[in-house]
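Here's the letter readout for the chains.
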Amino acid sequence: MIFRATGGNNYCTEILHLILNLKYIWTPEFANVMCDSHVINLSGHSGHWMAMDLNMEHTVSQVKELIGAKGLETTWDMLGNVSASINEINKIKKKIAEFTELSHRNRYHSNATQAI
């Protein structure tokens, strides 16, 4: 497994454990439930699935970005409200970009260059 070659022994062990459970230990019904709980499709479009943990990493990054502007004034209530609404905030950003016919820009945006 490629994880072993890169030093990710825990990933390799976990994947082998998951495969063993899926094929030999769990009932087909339970295996299907477990597979469905590992991925999420927020867009509803076919083929746009992502790992649940990757989705959580994205959400945590977005929450940190949004509450970072408040600094020490951030409260637990605000954190709960922001994290609960992060998907709706992303939908609003996308709609505004579509309405204004501007592409979405993130903090990793690079400046355009002019060809002569």
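Structure report, in brief. Owing to the predicted nature of the structure, the values given are computational and were not obtained by experimental measurement. (Residues numbered from 1 in each chain as written. Predicted model: local features only at pLDDT ≥ 70, side-chain atom pairs only at ≥ 80, totals over all residues. Heavy atoms only, no water.)

Taken as a whole, the second largest pocket encloses approximately 290 Å³ of empty space. Along the walls of the second largest pocket sit 13 residues, with Tyr11, Glu14, Ile15, Leu18 and His38 positioned nearest its centre. The set of elements that each furnish at least two residues to the lining of the second largest pocket consists of α2 (9-25) and α4 (52-68). Here the lining of the second largest pocket takes 6 residues from α2, the largest share from any one element. (1 Å grid on protein atoms, 1.4 Å probe; cavity = no way out; pocket = protein on both sides within 12 Å on 5 of 7 lines; lining within 4 Å. Points joined across faces, edges and corners; volume = space filled by probe spheres on them. Helix = DSSP H or I, 4+ residues; strand = E, 2+ residues; numbered from the N terminus.)

The next subject is the packing of α4 against helix α5 (residues 76-84). Contact geometry of α4 with α5 gives a least axis separation of 10 Å together with a crossing angle of 130 degrees. When the axis of α4 is compared with that of α5, the two are oblique. α5 is crossed by α4, and the crossing has right-handed handedness. Contact with α4, carried on its side by Val63, Leu66 and Ile67, involves Met78, Leu79, Val82 and Ser83 of α5 and no other residues of that element. Tallied by class, residues from the contact of α4 with α5 come to 6 nonpolar, 1 polar and no charged. (Axes fitted to C-alpha atoms, helices over the stretch in contact; angles between N-to-C directions. Parallel < 35°, antiparallel > 145°, perpendicular 65-115°, else oblique. Left-handed = near helix turned anticlockwise from the far one by under 90°. Contact = heavy atoms within 4.5 Å. Nonpolar A, V, L, I, M, F, W, Y, C, P; charged D, E, K, R; others polar.)

All quantities given are derived from atomic positions and should not be read as evidence of function.
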